[in-house]
Amino acid sequence: MIKRRRKTLVLLAALLLAIFYMQMQTAIPGIINDMDFDLGKKETPAITGLHPYVLKQKNELVRLTKQRGITIVITDGYRSHEEQTRIYNQGRTTEGDIVTNAKAGQSLHNYGLAIDFALRLEDGSVIWDMEYDGNGNGKSDWMEVVAIAKELGFEWGGDWDKFPDYPHLQMDFGLTIRELQRGKLPDADIHEYSEGAKSK
Ligand SMILES: [Zn+2]
């Protein structure tokens, strides 16, 4: 009788241990993932420039707009977190007008996935005039650039309902800012992304 009770107790203890173990198993992957994330973050090579595909399409944009008699300048590309913080502070804690609502890590510029453009006139001056028609074809040069950029796979900041950003062009490769912040990056060898698999 006593032996049986002891046996039951042992079984009960084993059961409790098993439950505890199973719970640890489900809890541990989360912990391990967080650790992997931190380690992975350190191992990820630092981004110091434009993503190769964005760079390629940027060069295409310069070339194709030139063909139409429009000269563009790329005023900004990759932006470090420090630079982003500096321009975020502008108009907030430092002098000047507010130019961005994105803090460090919140802009695709910080991942080498965005560029800003402006128009360059023959006299060398740089303008942000969206009505200017320098090639005289009856269309705004700015919007011609935007149309070509979209064909090249860029998303235009001017299409955003909240805080439209007219000089801004970006490619997110289907990744959200949250995913990028977690260290997820588009493959460096992503090509013809916008064209799909048919070119392969
Ligand atoms: Zn921008």
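Residues numbered from 1 in each chain as written. Predicted model: local features only at pLDDT ≥ 70, side-chain atom pairs only at ≥ 80, totals over all residues. Heavy atoms only, no water.

Peer 1: Hey, could you go over the pattern of salt bridges for me, with residue numbers and the actual values?
Peer 2: Taken as a whole, this structure holds six salt bridges when the rule is applied. Its salt-bridge partner being Glu144, residue Arg68 comes within 3.2 Å of it at the nearest N-O pair. Of this pair, Arg68 sits in the loop between helix H2 (52-67) and strand E1 (72-76) while Glu144 sits in helix H4 (residues 141-151); the two residues are 76 residues apart in sequence, bridging distant segments of the chain. Taking relative accessible area as the criterion, Arg68 reaches 40% and is therefore assigned partly exposed. Ionic contacts of the salt-bridge type, sharing partners, join the residues Asp76, Arg79 and Asp116 into one network. (Salt bridge = Lys/Arg side-chain N within 4 Å of Asp/Glu carboxyl O. Helix = DSSP H or I, 4+ residues; strand = E, 2+ residues; numbered from the N terminus. Buried < 20%, exposed > 50% of the residue type's maximum accessible area, 1.4 Å probe, protein only.)

Peer 1: Summarise helix H3 (residues 81-89); cite the residues concerned and give the values.
Peer 2: Turning to H3, its buried residues are Gln84, Ile87 and Tyr88. Along the axis of H3, the buried residues cluster in a sector spanning 105 degrees; they form a single face. Those residues of H3 that are exposed and aimed more than 90 degrees away from the buried face are Glu82 and Arg86. Gly91 sits one or two residues past H3 and shows a positive phi near 85 degrees. (Arc of directions from axis to C-beta.)

Peer 1: Summarise the nonpolar core; cite the residues concerned and give the values.
Peer 2: By size, the foremost hydrophobic cluster in this structure holds 26 residues, and its most contacted members are Leu61, Phe154 and Leu169. Of all the secondary-structure elements, those providing two or more residues to this core are H2, strand E2 (114-120) and H4. Of the residues forming this core, the biggest block, five residues, is contributed by H4. Residues contacting Leu61, with those up to four places away along its chain left out, are Ile72, Ile115, Val145, Ile148, Ala149, Leu152 and Leu169. (Core = buried A, V, L, I, M, F, W, Y, C linked by side-chain atoms within 4.5 Å. Contact = heavy atoms within 4.5 Å.)

Peer 1: Please give an account of the coordination of the zinc ion that cites residues and values.
Peer 2: On the protein side, the zinc ion has His109 (NE2), Asp116 (OD) and His168 (ND1) as donor atoms, found 2.0 Å from it. Residue His109 is classed as buried on the basis of its relative accessible area of 1%. For His168, a relative accessible area of 4% puts it in the buried group. (Donors = N, O, S within 2.8 Å, 3.2 Å for Na, K, Ca; no water.)

Peer 1: Please provide a residue-by-residue account of the pairing of E2, values included.
Peer 2: Within E2, six of the seven residues are buried, which leaves it mostly tucked inside the rest of the structure. Relative to E2, E1 runs antiparallel, the two sharing four bridges. Bridge pairing in E2 places Val73 opposite Ala118. Across three bridges, E2 lies against strand E5 (residues 168-170) in antiparallel orientation. Its bridge partner lying in E5, Ala114 is registered against Gln170. Hairpin connection of E2 to strand E3 (residues 126-127): five residues between the antiparallel strands, including Gly124 at a positive phi of 95 degrees. (Pairing = 2+ DSSP bridges.)

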